Amino acid sequence: QVRLVESGGGLVQAGGSLRLSCAASGSIFRINVMGWYRQAPGKQRELVASITSGGNTNYAAFVQGRFTISGEVAKNPMYLQMNSLKPEDTAVYYCNADSRFMTYWGQGTQVTVSS
């Protein structure tokens with residue numbers, strides 16, 4: 001089993017920055033991909049960014065050029081650096097980890113961007 005715990009969320013004004021962290025514990029040696037998702041009230045959870053064990057990254061189009069995912073799969077911690085935040089970025093942000101057999105989720109950290 002894998003446990004994921006997010007931290008770093010909070011309140012920030014539009015244009016500001018936050019850095020989210022994801023700490024993984026447990027049987028993490030089989031994790032192949034880790035990423036960040038977000039879910040705003042009344043909306044589906046959506047991919048923000050992901051990183052593979054080979055270091056390949058993927059970003060949603062709406063965050064291109066503003067967010068950066070960093071760290072190493074199956075290592076601690078993984079980060080999501082968020083710059084130039086917009087009110088529409090307000091959501092609960094979740095850490096995700098995928099192995100061949102299981103998908104794991106953290107409980108989320110709230111990011112609120114005010115105008």
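Residues numbered from 1 in each chain as written. Predicted model: local features only at pLDDT ≥ 70, side-chain atom pairs only at ≥ 80, totals over all residues. Heavy atoms only, no water.

(A) Inspection of the overall build of the protein at higher detail. Within the protein, the secondary structure is distributed over zero helices and eleven strands. In sequence order, the secondary structure elements of the protein are arranged as β-β-β-β-β-β-β-β-β-β-β. Taken over C-alpha atoms, the radius of gyration comes to 13 Å for the protein, in line with the 13 Å a tight globule of 115 residues would show. Expressed along its principal axes, the backbone C-alpha trace of the protein runs to roughly 40 × 25 × 20 Å. Going through the 115 residues of the protein one by one, you find that 39% of them count as buried. Once local pairs closer than 6 in sequence are excluded, the contacts in the protein between residues at least 24 apart make up 54%. Accessible surface for the protein amounts to roughly 6300 Å². Of this, 46% is attributable to carbon and sulfur atoms. The distance from the centre of the 10 positive side-chain charges to the centre of the 6 negative ones in the protein is 4 Å. (Helix = DSSP H or I, 4+ residues; strand = E, 2+ residues; numbered from the N terminus. Rg over C-alpha atoms; globule rule 2.2 N^0.38 Å. Buried < 20%, exposed > 50% of the residue type's maximum accessible area, 1.4 Å probe, protein only. Contact = heavy atoms within 4.5 Å. Areas by Shrake-Rupley, 256 points an atom, 1.4 Å probe, with all protein chains shown as cover. Lys, Arg positive; Asp, Glu negative; His and termini not counted. Charge placed at Lys NZ, Arg CZ, Asp CG, Glu CD.)

(B) Looking closely at the state of the cysteines. Using the criterion set out here, one finds one disulfide in the structure. Shown here is the disulfide that connects Cys22 with Cys95, its sulfur atoms set 1.9 Å apart. Classification of the bridge connecting Cys22 and Cys95 rests on its S-S torsion, roughly -80°, and on that basis the disulfide is left-handed. Remark: Cys95 occurs in strand β9 (residues 91–98) and Cys22 occurs in strand β3 (residues 18–26); sequence separation between them is 73 residues. Neither Cys22 nor Cys95 differs from the other in exposure class; each is buried. (Disulfide = S-S within 2.5 Å.)

(C) Region of interest: the pattern of salt bridges. On inspection of all chains with the given rule, the structure shows three salt bridges. Of the charged contacts in the structure, one is a salt bridge between Glu46 and Arg38, with a shortest N-O distance of 3.0 Å. Classification of Glu46 as partly exposed rests on a relative accessible area of 33%. A salt bridge links Asp89 to Arg66; its shortest N-O distance comes to 2.7 Å. Remark: Arg66 occurs in the loop between β6 (57–59) and β7 (67–70) and Asp89 occurs in the loop between β8 (78–82) and β9; sequence separation between them is 23 residues. Of the two residues, Asp89 and Arg66, both sit in the buried class. When salt bridges with common partners are traced through the structure, they connect Arg38, Glu46, Arg66 and Asp89 into a single cluster. (Salt bridge = Lys/Arg side-chain N within 4 Å of Asp/Glu carboxyl O.)

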